[in-house]
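# Examining the three-dimensional arrangement
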Amino acid sequence: MSLSDRIRAKQSTVPALLEPFAAPAAASGPRAGSAPTAHATRTDAAAGATAGAGSSNTGQTARPDDGGASRPAVRPGSLTARHAAPPEATPTSDALAKVKDRAANALFDRVGARLSDPTLSEDQLHALVRSELNQVVEEEKLPLTGEERKRLTREVKDDILGLGPLQRLLDDERVTEIMVNGPDLVYVEQDGKLTRSPARFTSEEHLRRIIERIVSKVGRRIDDSSPLVDARLADGSRVNAVIPPLAFSGSSLTIRKFAKDPFLVDDLIRFGTMSPDMAVLLRACVEARLNIVVSGGTGTGKTTLLNVLSSFIPEGERIVTIEDAVELQLQQEHVVQLESRPPNTEGKGEVTIRDLVRNSLRMRPDRIVVGEVRGGESLDMLQAMNTGHDGSLSTVHANSPRDAVARLETLVLMAGMDLPLRAIREQVASAVDVIVQLTRLRDGTRRVTAITEVHGLEGDKVTLQDAFVFDYGAGVDAVTGKFLGATVATGMRPRFTDRFADLGIALPPHIFATPALGRASR
Ligand SMILES: Nc1ncnc2c1ncn2[C@@H]1O[C@H](COP(=O)(O)OP(=O)(O)O)[C@@H](O)[C@H]1O
Ligand SMILES: [Mg+2]
């Protein structure tokens, strides 16, 4: 059984465990008889707990950008409700925590070092933990009934072999990100909102062990000599861990869960991220092999949009994708996905995005899709775009199309080629055809706020022409705080549309028409 299967199998046993343990501390009623009720209460508590900050989230459906998507598993949209009040720790969980903590600590002392021993099989590990734990419970002389003792054993074992307090969050499909700031502070992004979760670790030690378990499962190590780890889990989720002293207030862990079911173009239209017209235009751009750069800040949806744009690449073309950690999920068959690699613990074996971009040119690609350019690889990518690998797609971290151009220039400098600025601008201007700007607006929605054509070089300035821009002038709804405007055509027909005609790609003529002026109250 794989780790995740094992964890999932175990998961089902966890919820029933907390309440009965609390019984001795909270009340002296007949324990066995109280079990069914306790179980029911516990289920409610679990529902509240997984919903993030308890009651603030239960019952009401949080809405992502789409204004209440019909999709069952709600995906994140905005980070509007920040830092909801932390849930109160219940006395029951405190009582449980104490008992469990003692047993868990004693067990860690005995078997801690062997937990990430790769030579132990699953069965051996389980057997080892079981027998050691039995001894611990024996020695600690815990005042437990037979049933309780069995449960304690099971739960501590789960905690030790599974991912402890994180497990439930990992299994909850609505949780898309998990952020741990030291043992007592766990935040989750769920339904698009960031809230504090009631989950906590018993100590920094406990947290460290869970982190070690996570990273060692993917063949990495975290310790004084390499206190930062960025890794991908077997299920595609991304994990970043930083331990003290780099992390000042306790180990930090960030998990971005892999979206099992990525957004499609229709989702983005439904969310209002782009209009159907814009989707038609972008599809035509991809089919016409324009080089497109998606620009936006962190978490604005660049990768998501890149995935959608990639879905427009016609079946049959050979696609090479290059990423730091695989996030793109292409539906086409003829795809090679490449992933960069950090250096190993001896500082060797690094394979950078740049190495992969260069290598990809020898792989006879029809399209190169680079997850994000953030260094010298941008020079190689621009050169590829300029030398016959047109139709390539990438993203860059920038706040406007103009900023994206400046950013690409800076990144090219990082290639260390000592190119004159004008030469760099020529590269950018002739390589990039379209910049698609994404913005997370103040109201929490993610929007395509510009579709901009890169015209060329005038003097030593890269000239840009917006085909679509967001209408901020329409203002904000006084009640809901939502922007009233939309991204609208500027009335300028991009020059690249000439290519569409040659290729027989027909666009409805109204696409570039400005909507009736005055529709928005300026
Ligand atoms: N248009 C959108 N509307 C709502 N949520 C989105 C949208 N695009 C992306 N998301 C969500 O936002 C988060 C960040 O998206 P991602 O594409 O990884 O952003 P970036 O690559 O810019 O960091 C993900 O959880 C994703 O599901
Ligand atoms: Mg991204």
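Worth saying up front: this structure is predicted, and the values here are computed from it rather than measured.

One open sheet holds the nine strands; their spatial order is β9-β8-β10-β11-β7-β12-β13-β14-β15, and the pairing between them is mixed. Of all strands in the sheet, those bounded by a partner on one side alone are β9 (335-339) and β15 (487-489). With direction set aside, neighbouring strand axes in the sheet form an average angle of 30 degrees. Where strand β10 (residues 367-370) meets strand β11 (residues 393-397), two bridges bridge the pair, whose relative direction is parallel. Directly across from V370, in β11, lies its bridge partner S394. Across the face of the sheet, helix α14 (residues 401-413) comes into contact with β7 (292-296), β11, β12 (434-440), β13 (446-458) and β14 (461-470) while running at roughly 95 degrees to β11.

Before going further, it helps to examine the pairing of β7. A large share of β7 lies buried, amounting to five of its five residues. Residues of β7 alternate between two faces, with I292, V294 and G296 on one and V293 and S295 on the opposite face, all of them buried. Pairing of β7 with β11 involves five bridges; the strand directions are parallel. By the bridge assignment, I292 is partnered in β11 with L393.

This part takes up the sheet that holds strand β1 (residues 175-181). Ordered in space as β3-β2-β1-β6-β5-β4, the six strands form an open sheet in which the pairing is antiparallel. Looking at which strands have only one partner, the edges of the open sheet turn out to be β3 (193-197) and β4 (228-232). Going across the sheet, the axis of each strand differs from the next one's by a mean of 15 degrees, ignoring polarity. Sheet topology note: the strand β5 (residues 238-242)/strand β6 (residues 252-256) ladder contains five bridges and is antiparallel. When the bridges of β6 are listed, R238 appears paired with R256. Against the sheet, helix α8 (residues 204-217) makes contact with β1, β4, β5 and β6, and its axis sits at roughly 135 degrees relative to β5, the strand it touches most.

Another aspect to go through is helix α13 (residues 377-386). An α-helix turns once per 3.6 residues; consequently, residues spaced three or four apart project the same way. The buried fraction of α13 amounts to eight of the ten residues, a majority that puts the element mostly inside the structure. Among the residues of α13, those classed as buried are E377, S378, L379, D380, M381, L382, A384 and M385. The inward-facing, buried residues of α13 abut α12 (353-360), β10, β11, α14 and α15 (421-431). At the C-terminal side of α13, G388 shows a positive phi close to 95 degrees.

Here we take up α15. Among the residues of α15, I424, R425, Q427, V428 and A431 are the ones counted as buried. Within α15, the buried residues cover an arc of 155 degrees as seen down the axis, which keeps them to one side. In this structure, α15 carries R422 and A423 as exposed residues pointing more than 90 degrees from its buried face. On the buried face of α15, the contacting elements are α13, α14, β13 and β14.

To continue, consider the pairing of strand β8 (residues 319-323). When you tally the buried positions in β8, you get five out of five residues, the bulk of the element. Because side chains alternate across β8, one face comprises the buried residues I319, T321 and E323, and the other comprises V320 and I322, equally buried. In this structure, β8 lies alongside β10, joined through four bridges in parallel fashion. Looking at the pairing, V320 lines up with I368 of β10. Pairing geometry for β8 and β9, over five bridges, is parallel. Paired with I322 across the two strands is L338, which belongs to β9.

Quick notes on the rules
- Residues numbered from 1 in each chain as written.
- Chains lettered and ligands numbered in written order.
- Predicted model: local features only at pLDDT ≥ 70, side-chain atom pairs only at ≥ 80, totals over all residues.
- Pairing = 2+ DSSP bridges.
- Helix = DSSP H or I, 4+ residues; strand = E, 2+ residues; numbered from the N terminus.
- Axes fitted to C-alpha atoms, helices over the stretch in contact; angles between N-to-C directions.
- Contact = placed C-beta atoms within 7 Å.
- Buried ≥ 20, exposed ≤ 12 C-beta atoms within 10 Å, placed from the backbone.
- Arc of directions from axis to C-beta.

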